[in-house]
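# Examining the three-dimensional arrangement
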Amino acid sequence: MSQLRSFGKFFLPGPTEVPHDLFEAMQRPVAGHRSPEVSALVQGMQPKLSALLRTSRPVYISTSSATGMMEAAITNLTGRGALCLTNGSFGQRFYNISTATGRAADTLEAQWGDPLLPEQLREALAADPGRYDLVTVVHSESSTGVLNPVRELAAVVREFDDVLIAVDAVSSLAAARIEMDEWGIDFLLTGSQKAVALPPGLAFAAASDRALERARNTPNRGFYFDLLNHEKNMKKWQTPTTPAVSLLFALERQLERIHEEGLQARWTRHTAMAERTWQWVADTAEATGRPLGVFAAEGYRSPAVTAIGLPEGLTGPEVEGRMKSRGFAVAAGYGKLKEPTFRIGHMGEHTMEELEALLAVLSEVL
Ligand SMILES: *Cc1c(COP(=O)(O)O)cnc(C)c1O
C-alpha cells in the first residue's frame, strides 16, 4: 500500500520533500480537538513553535494553506490602508487579497529580481503620512528567489507611528534567519509545506500586542481567520475550529527534529545549499557558454529557493519535464516567469549530498 518515494529527489519550492517518519506519526488515531489529549499536544508544541518564529507570543495554528494567514493579515490589520511591497507573485498576492476583501491598498514595486529597499519604503510612507497603517512584505519571494531585507524594512516601519508590518515568511521560516520580536515584526506567517517540511495543510502565525490592538479596532475581520478568536482559543491550547489533527501529530515530531538540529545549524545548512546552487549556475554558464543566471540580485538571494534564468530556446516547463523523466522534481518558473526561468527548492530536510546528485542530473539534461 505504501507509495513512499525515495527521499532526495523532490526539489519543488513547495510542497517540499516530507521525511517518512512524519507519515508514520500521522497514523495515530484521530482524537477530538477539544480533548485533553489534543490540548496537551498543542500546549506542548508552543515553546518550540515560539522558538521557531522567535517570539514570546503564542503561535496560532491554522488549518489552511499559508494564504489563509495572508488573508488574516489583511482583514485583521488594515485600518486606513495597506501598502503591499511587491517584487514577485506572492507580494502581489497581498494586494490581490486586499482588493478581494474590499480593503484600501496600493503596491510599492521593485523590479522582479530586485529587492525592496528601506529608503524606498521610507519615502513612500513619508510622502503621504496617515494613508497607510499596514505594510506587507514577503521575506523569501518564491517566484524570483529574492530575499527582501525584512529587518531593515521593519526598522523603517517603526519610524512611523501607528503603522504595522506583516511578513510572509512562507518559504523562509526555518531556512533563513528571521526574528519576529527582535526585528519588531507585527505579524509573521508561514505554511507547513515549505522549509518546515510538513505535508501541506497547516499555517502558523503570531501577532504582536500592537497587531492585536489593531484587530480589536477593526470591524469585519471575517470569521474563519479572525485573529482574536485564535488568540482566545490559544489561551485554552485550542484552535477555533477543527484542526487537521493528523498533521498536528506530524508537527510534533518535526518540531522535535528542527529543535535537535538547532535553528542556527538549519540556517547554515540552507545557506550552504543555496551557495552551492549559485556556484553551479555560474559554472554551468561558463562550461556551456550559455547565458544561464541566478535571477535574484546578488546580496539579496534566498537560502531556500533559487530561480534560474534560462537561455533562449529552453523553457522552465521543458527543464521540469526533462528532470521528471529522470525521476527528479524541480519547478518551472512561477507566474509570468514560468517560461524564462526554472526553480530549485533547496529547503526542508534536503542535504548537500542530495543537492549534488540533483545538480549532476541537471547538468546532463541542460
Ligand atoms: C508557497 C507560498 C505562498 C502560498 O502558500 P499556500 O500554502 O499555497 O497558500 C505564499 N507566499 C510564499 C512566499 C510562498 O512561497
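Note that the structure is a prediction, hence the values are computed from the model and not measured.

A separate point is the environment of Ala40. Inspection of the secondary structure puts Ala40 in helix H2 (residues 36-53). We classify Ala40 as partly exposed; its relative accessible area is 44%. Considering only alpha carbons, one finds Ala40 and Ala331, 291 residues apart in sequence, at a separation of 39 Å.

Our focus in this paragraph is the sheet that holds strand S13 (residues 341-345). If you walk across this open sheet you meet the four strands as S10-S11-S13-S12, and the pairing is antiparallel. One side of each edge strand has no neighbouring strand; the edge strands of this open sheet are strand S10 (293-294) and strand S12 (331-332). Two elements, S10 and strand S11 (residues 305-309), share two bridges in a ladder whose sense is antiparallel. Its bridge partner being in S11, Gly293 is matched across the sheet by Gly309.

In terms of domain boundaries, the protein breaks down into domain 1 (21-260) and domain 2 (263-365). Its C-alpha centre places domain 1 at a distance of 27 Å from the equivalent point of domain 2. Taken together, the contact pairs 33 residues of domain 1 with 22 residues of domain 2. Here domain 1 packs against domain 2, burying approximately 2200 Å² in sum over the two surfaces, 65% of which is carbon and sulfur. Summed over the shared surface of domain 1 and domain 2, the number is zero salt bridges.

What follows covers the packing of aromatic side chains. In the structure shown here, the tally under the stated rule is two aromatic pairs. Ring geometry for Phe90 and Tyr334: centres 4.8 Å apart, planes at 40°, overall tilted. You can see Phe90 sitting in helix H4 (residues 89-100) and its partner Tyr334 sitting in the loop between S12 and S13, a full 244 residues away along the chain. The exposure class assigned to Tyr334 is partly exposed, which follows from its relative accessible area of 27%. With a centroid separation of 4.9 Å and 75° between ring planes, the pair formed by Tyr224 and Phe225 is classed as edge-to-face. Take Tyr224: its relative accessible area is 37%, and that puts it in the partly exposed class.

Reading the values: rules and limits
- Residues numbered from 1 in each chain as written.
- Predicted model: local features only at pLDDT ≥ 70, side-chain atom pairs only at ≥ 80, totals over all residues.
- Heavy atoms only, no water.
- Helix = DSSP H or I, 4+ residues; strand = E, 2+ residues; numbered from the N terminus.
- Buried < 20%, exposed > 50% of the residue type's maximum accessible area, 1.4 Å probe, protein only.
- Pairing = 2+ DSSP bridges.
- Domains from an automatic or database assignment.
- Contact = heavy atoms within 4.5 Å.
- Buried area = accessible area lost by both parts, 1.4 Å probe.
- Salt bridge = Lys/Arg side-chain N within 4 Å of Asp/Glu carboxyl O.
- Phe/Tyr/Trp six-rings, centres within 6.5 Å; stacked < 30°, edge-to-face > 60°.

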